[in-house]
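# Results of the structural survey
Residues per chain, in single letters:
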Amino acid sequence: MEPLGFVHHDHSHCVTDAVAQVDAQCDTLGLKLTPVRRRTLEILLEEHRALGAYDVLERLRADGFGSQPPVAYRALDFLTSNGFAHKIERLNAFIACAHPSESHTPAFLICRDCGAVAEAETNPETGMLNHIAQTTGFSIERAVLEAEGLCPNCQTEPQT
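Remember, it's a predicted structure, so these values are computed and weren't measured experimentally.

### Here's the deal with the overall build of the chain
Per the secondary structure count, the chain includes 5 helices and 5 strands. Ordered by position in the sequence, the α and β elements of the chain form the string α-α-α-α-β-β-β-β-α-β. Burial analysis of the chain (160 residues in total) assigns 36% to the buried set. Residue pairs in contact within the chain that sit at least 24 positions apart in sequence constitute 54% of those at least 6 positions apart.

Listed below in structure tokens is the structure:
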């Protein structure tokens, strides 16, 4: 599957479907998707690039949800702790999860030019990192894979 974020798709449909999926999961898990949490998720879904907490806060403020940092941080914490969003450590920013209903280990492809971020799936149990961990007797509990480069839209064709 090609990482979502670099492929062309019906973006408005993508946002609507993702919010509906998270809403259904919240109902199933007994979680409350409050209006500020829902709007925070929508903000993260509106662009396939990572947004900092203060970027999210500015958008929440413009929508009338408050202007104090805890508003954004609490909503982002809810979304990340429940697997509906991820923190991109390299950027100290957040992105909506492309696969919120699936248990997975994401890998993030970050475009250094346009800032787009695509979420791909990786399987650390079968990869080199797991091999190294097993060799050294290390037990992996959490892994975050982030790669920086150029997305297909920002790459230029080689001059001939």
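The structure having been displayed, the exposition proceeds.
### Observations concerning the packing of helix 2 (residues 35-46) against helix 4 (residues 69-81)
For the pair helix 2 and helix 4, interaxial distance at closest approach is 9 Å and the crossing angle is 80 degrees. Between helix 2 and helix 4, the angle falls in the class roughly perpendicular. Contacts from V36, R37, T40, L41 and L44 in helix 2 reach V71, A75, L76, F78 and L79 in helix 4. Looking at the contact of helix 2 with helix 4 residue by residue, the classes come out as 8 nonpolar, 1 polar and 1 charged.

### Things to note about the nonpolar core
The biggest cluster of nonpolar side chains holds 23 residues, and the ones touching the most others in it are L41, L44, L45, V56 and L79. For this core, the elements supplying multiple residues, two or more each, are helix 1 (11-29), helix 2, helix 3 (53-62), helix 4 and strand 2 (93-96). Sort the elements by how many residues they give to this core and helix 1 lands first, with 5 residues. If near-sequence neighbours (up to four positions away) are discounted, L41 is found in contact with V19, V22, L79, F84 and A96. Core analysis: the second largest hydrophobic core is formed by 7 residues, I88, I95, F108 and V117 among them.

### Details of the confidence of the model for the chain
Model confidence for the chain is summarised by a mean pLDDT of 84, while 87% of its residues fall at 70 or above. For the chain, the element scoring lowest by mean pLDDT is strand 4 (residues 117-122), at 83; helix 3 scores highest, at 95.

### Quick word on the environment of E47
Residue position: E47 is located in the loop between helix 2 and helix 3. Spatially, the C-alpha atom of E47 lies 9.2 Å from that of V117, the residues being 70 residues apart in sequence.

### Some details on unusual backbone geometry
Even without being a glycine, N92 presents a positive backbone phi close to 50 degrees. Looking at where N92 falls in the secondary structure, it is placed in the loop between strand 1 (85-88) and strand 2.

### Details of the packing of aromatic side chains
Evaluated as defined, the whole model comprises 2 aromatic pairs. On the basis of an interplanar angle of 45 degrees and a centroid distance of 6.1 Å, the ring pair of F78 and F84 is categorised as tilted. The exposure class assigned to F84 is buried, which follows from its relative accessible area of 0%. Positioned over the ring face of F78 is R37, at 3.8 Å from the centre of the ring.

### Section: the sheet that holds strand 4
The mixed open sheet is built from 3 strands, whose spatial order is 4-3-5. The open sheet has two edge strands, strand 4 and strand 5 (145-149), and neither has a second partner. Pairs of neighbouring strands in the sheet enclose a mean axial angle of 25 degrees, with direction left out of account. Where strand 3 (residues 105-111) meets strand 5, 5 bridges bridge the pair, whose relative direction is parallel.

### Considerations on the environment of Q25
By the element assignment, Q25 lies in helix 1. With sequence-adjacent residues up to four places away left out, Q25 is seen in contact with F84, P100 and S101.

The rules we used
Residues numbered from 1 in each chain as written. Predicted model: local features only at pLDDT ≥ 70, side-chain atom pairs only at ≥ 80, totals over all residues. Heavy atoms only, no water. Helix = DSSP H or I, 4+ residues; strand = E, 2+ residues; numbered from the N terminus. Buried < 20%, exposed > 50% of the residue type's maximum accessible area, 1.4 Å probe, protein only. Contact = heavy atoms within 4.5 Å. Axes fitted to C-alpha atoms, helices over the stretch in contact; angles between N-to-C directions. Parallel < 35°, antiparallel > 145°, perpendicular 65-115°, else oblique. Nonpolar A, V, L, I, M, F, W, Y, C, P; charged D, E, K, R; others polar. Core = buried A, V, L, I, M, F, W, Y, C linked by side-chain atoms within 4.5 Å. pLDDT = per-residue confidence, 0-100. Phe/Tyr/Trp six-rings, centres within 6.5 Å; stacked < 30°, edge-to-face > 60°. Lys NZ or Arg CZ within 6 Å of the ring centre and 35° of its normal. Pairing = 2+ DSSP bridges.

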